[in-house]
Structure formats: C-alpha cells, structure tokens
Amino acid sequence: MTHTSSSAQPLLLTNVRPVAFAAAPAGGPLDILVGTDGCIAAVGSGLPVPAGVRQINGKGTWISPGWIDLHAHVWRGGTDVSIDPAQCGLACGVTTIVDAGSAGEASFAGFREFIIEKSRERVLAFLNIGSIGLVACSRVSELIDVRSIDIDRTIACVNAHRDVIVGIKVRSSGSISGTWGLTALKIAKKVGKLTNLPLMVHVGEPPPLYDEVLDVVGPGDVITHCFNGKAGGSLNDDELIELAKRCANEGVRLDIGHGAASFSFRTAELAIQRGLLPFSISTDLHVRSLERGVWDLATTMSKLLELGMPFEAMVNAVTSGPASVVGLPTQVRLEAGTKAEFTLFDLVDGRLDVVDAMGARATLRRIVEPRWAVLGAEALAASRLQPPPHEAPNFTCIHCGGAQKP
C-alpha cells in the first residue's frame, strides 16, 4: 500500500455501529477519534469535537475493519484481463486487494514496481505457479506442460517478495491444464510447503474432480470458486457437500471468487441450506467480470446475504476471514493506539436485479452500500459500482467467462 501523507486534520467519526471487531465498547452507536498519526485516539459516546477536526456523521451506519477482497486481478498492463486497483478498491470500500495469481515468477517484479507500490490500496498477491502468470489468460494457458513451471525461480521469487506474496495460486481445471490432472496442483502444493505458504486453488472443469482437489489441499489452503455451477467441478450433491464440510472443519478455506464464470446461485443456496458457509467472499474482478454481473465486493456480499448467509458471518467473510489467510490482524480492536483502517457501510432495503455467472437472475432485497473507506486519518467516499444492466441472461461463456459469440 502506498503510504498516504500525514493528515493535517484529526478525523472524528460519529454515530457509527461497530461490527466484526474483536472488542468494542458495549452500548449504542460510538464516536471514534483518529489522530493525525492515523491511530485511534479515543473511542466513546459523545466525544468532544477538537478544533480543526474533520467530522463525518455516520448517521447510524455500520463500521467494520477495512474490507479485504481475497480474489481479484489487478496486474493492469501485465495481463490481458486485469483492471486497475482503483476500480475495485477504496472507491468501493475495499482497503486491501489480494491479486489471485495474475503474475508468475517471470513478471512479479514488474507487478510489484508498477502496481503494488503505486496503489493507494494495500495490494497483496498469490504467486501463480505458472511462470508466465495470466499474461494472455484464457488464450494461452500458464500450465501447458512441465516446462511452464520453474520451481527454483518460483521459490526465489517468493523469498525476494515475502512482504507482499501471501500464497501460491494454481488453476486446477481441465480448461487450463488439459490432461495434467492433479500434477500441477501437487507441484504447487510442494512449493507451498517449501515456502511455508498456503495454496489458492481454482476449481472448475475437470479433470481433476472437486473431490480429488479436496484430497490434496490441507488446513490453511483456499478453494476459490467454491460455489461454481460447472458439471463435474461443482458441489452438486449431498455427498460432496458433506466432504467439503469436513474439509472446512479441518481448516480448508472456501472462497467465493464470483468471476464471470464461477458462481452459481443454485449451488450456493444448496450449500448454505446444508450448513456450508463460505469462509471468504471475493469477487474475481477482471475486465470480463467487472460489468458482467459481478460489479464489486458489496454487490457480491449482498448476493450471499440474499442466499441466507447471516449478516455477521458475511462481514467476517470480508474482514477477519481473509485477514487470517494473508497474515493481517484478525483480532482488530477499537482502542487507542490501533491504526485506523475501516469501512463504513449501510444495509438498505430495496430491489436490485442481479445475475450469477451462469446467467440466472435474482432480486436482492437487502443491499450492502459502502459509504466511506478510512485509512488512518483520511476518509474517502465509497459507493457500489452500478453498470448498466444487460438484457441477455446468458452473456458469458460458462467455461472462460468470455463474451458469447452470436
């Protein structure tokens, strides 16, 4: 995250309701005073207003630790699918973006120099096990054969960038790795063990099958696109859901990773009804998904809420859950001396027509609306992205997320 300059003004947030904090004063809405050093100076009700303070009246809005999007693609200019971090970050209430394998070892230094170090948001990354990463995402696979992976160079890249690389990413599906089956996944798992980092595994079209992937991953690893609706690669029966529940109870993290081709209302509803909640909610935002039904993290959160995910579990899935994956504090406390990093948001009644990645439609009746992103003593207005609606329900390829040909 680019360091913001020290604010000349303290910041006073009034009338806000905490959620997803490890500890917060009991009672009604609170006031939070942030000093010019970016740290909380005081928390309480009816705090005095210091001279020269910037005051924001939350009007009863919720305040949580800063939102984390665990799966996005922001190596803009380095891949043909990535977007600018500013398109899915602070302006949408997200303070931390985790890039999910856009860069492999061959291009990670450039990703760091031109994106990570220049972004206002904190940008962390899963390093792609394929050396070229997603340079030509759905056109040229990063996992053509064994020559696509250089284990020694990948480990060296991790060691050179451990402050921002938080895991290893592998796309484990037939449309990417062809007949490799589990080989690429097993290599990625080995590299994860050698570097002491978790895996993020993309599941989709077999081979391998979803249950085969679950046999390889372990506690701390992430299954992204966990509720995709693809035949053979989805949680589409009770037996597989029970297997996924056992793995989740043992520490495997299930991540939404909505994307243009990887989230099904039907699959998610079936899993949630059977007690399988996602560990984290993420967008898989890229150029093909941004305006094709995903839009932003708040809309994705709203979809899970509509499907039956409890409110506090939903908030934890964009705060403490992903924080535990990437090594950020999970027990964020509202107390003096803590660095201020918050998202202020409302939960409003309304009607919003949305689609999943399969083209199925739904109407949201409770909508998460981000209002402010707070970094230190700086507060930036935030809102949901609302692109124009699309007429056709099936506007993407269910395999790659690309536009369907007429």
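Look up: the structure comes first, before these words.
Since this is a predicted model, take the numbers as computed values, not measurements.

J.: Just give me the short version of the packing of aromatic side chains, but keep the residues and values in it.
T.: Throughout the structure, instances matching the rule amount to seven aromatic pairs. Between W67 and F345 the ring centres are 5.4 Å apart and the planes differ by 55°, which places this aromatic pair in the tilted class. Here W67, found in strand β5 (residues 67–72), pairs with F345, found in strand β12 (residues 341–355); they are 278 residues apart in sequence, far enough to count as distant. Looking at W67, the relative accessible area reads 0%, which means it is buried. Here F345 falls in the buried class, since its relative accessible area comes to 0%. Plain terms: the ring middles of F108 and F111 are 5.7 Å apart, the flat faces sit at 80° to each other, and that makes the pair edge-to-face. Here F111 and F108 lie together in helix α1 (residues 108–114), a separation of three residues that amounts to about one turn. A single burial state applies to F108 and to F111, both of which are buried. Taken together, the ring pairs connect W62, W67, F311 and F345 into an aromatic cluster. Positioned above the aromatic ring of W62, the side-chain terminus of R17 is 4.0 Å from the ring centre.

J.: So what's going on with the environment of L352? Residues and values would help.
T.: Inspection of the secondary structure puts L352 in strand β12. Excluding its chain neighbours within four sequence positions, the residues that come into contact with L352 are W295, A362, T363, L364, I367 and R384.

J.: Got a sec to walk through the nonpolar core? Specific residues and values, please.
T.: By size, the foremost hydrophobic cluster in this structure holds 101 residues, and its most contacted members are F108, F111, I223 and I281. The contact partners of I223, leaving out residues within four places of it in the chain, are V201, V203, Y210, V213, L214, V217, V252, R253, L254 and D255. Ranked by size, the runner-up nonpolar core spans 18 residues in total, among them L13, L30, I40 and L334.

J.: Describe in detail the packing of helix α2 (residues 151–160) against helix α4 (residues 183–195), supporting the description with residues and values.
T.: Their axes nearest at 10 Å, the elements α2 and α4 cross at an angle of 40°. When the interaxial angle is binned, α2 and α4 end up oblique. Here α2 runs over α4; the crossing is right-handed. Facing α2, whose interface residues are I151, T154, I155 and V158, α4 presents I187, V191, L194 and T195. A breakdown of the residues in the contact of α2 with α4 according to their chemical character gives six nonpolar, two polar and no charged.

J.: Just give me the short version of the pattern of salt bridges, but keep the residues and values in it.
T.: All told, the structure shown has 16 salt bridges when counted by the stated rule. Between D80 and R139 there is a salt bridge, with its nearest N and O atoms 2.9 Å apart. Within this pair, whereas D80 is found in the loop between β5 and β6 (94–100), its partner R139 is found in the loop between β7 (122–128) and α2, the two being separated by 59 residues in sequence. Among the residues examined, D80 registers a relative accessible area of 29% and is labelled partly exposed. By relative accessible area, R139 is classed as exposed at 61%. For K189, the salt bridge is made with D221, and the minimal N-O distance between the two is 2.7 Å. Note that K189 is positioned in helix α4 and D221 in the loop between α5 (210–216) and β10 (222–224), a separation of 32 residues in sequence. Here K189 matches D221 in class, with each residue buried. When salt bridges that share partners are traced, they join R112, E117 and D163 into one network.

J.: An account of the environment of K169 is requested, with residue identities and associated values reported.
T.: On the secondary structure map, K169 appears in strand β8 (residues 165–172). Along the primary structure K169 and A125 are separated by 44 residues, whereas in three dimensions their C-alpha atoms are 9.1 Å apart. Within the local environment of K169, its side chain forms a polar contact with the backbone oxygen of A100, the two atoms lying 3.0 Å apart.

J.: Describe a negative patch on the surface, listing the residues and the values that go with them.
T.: There is a patch of like negative charges on the surface, built from D211, E212, D215, D237 and E239. Of the residues forming the negative patch, the biggest block, three residues, is contributed by α5. Turning to its location among the elements, E239 is positioned in helix α6 (residues 238–249). Assessed through its relative accessible area of 67%, E239 is described here as exposed.

Rules used throughout
- Residues numbered from 1 in each chain as written.
- Predicted model: local features only at pLDDT ≥ 70, side-chain atom pairs only at ≥ 80, totals over all residues.
- Heavy atoms only, no water.
- Phe/Tyr/Trp six-rings, centres within 6.5 Å; stacked < 30°, edge-to-face > 60°.
- Helix = DSSP H or I, 4+ residues; strand = E, 2+ residues; numbered from the N terminus.
- Buried < 20%, exposed > 50% of the residue type's maximum accessible area, 1.4 Å probe, protein only.
- Lys NZ or Arg CZ within 6 Å of the ring centre and 35° of its normal.
- Contact = heavy atoms within 4.5 Å.
- Core = buried A, V, L, I, M, F, W, Y, C linked by side-chain atoms within 4.5 Å.
- Axes fitted to C-alpha atoms, helices over the stretch in contact; angles between N-to-C directions.
- Parallel < 35°, antiparallel > 145°, perpendicular 65-115°, else oblique.
- Left-handed = near helix turned anticlockwise from the far one by under 90°.
- Nonpolar A, V, L, I, M, F, W, Y, C, P; charged D, E, K, R; others polar.
- Salt bridge = Lys/Arg side-chain N within 4 Å of Asp/Glu carboxyl O.
- Polar contact = N/O pair within 3.5 Å; in protein donor to acceptor, adjacent residues only side chain to side chain.
- Patch = residues over 30% accessible without salt bridge, like charges linked within 9 Å, V, L, I, M, F, W, Y side chains within 5 Å.
- Areas by Shrake-Rupley, 256 points an atom, 1.4 Å probe, with all protein chains shown as cover.
- Lys, Arg positive; Asp, Glu negative; His and termini not counted.
- Charge placed at Lys NZ, Arg CZ, Asp CG, Glu CD.

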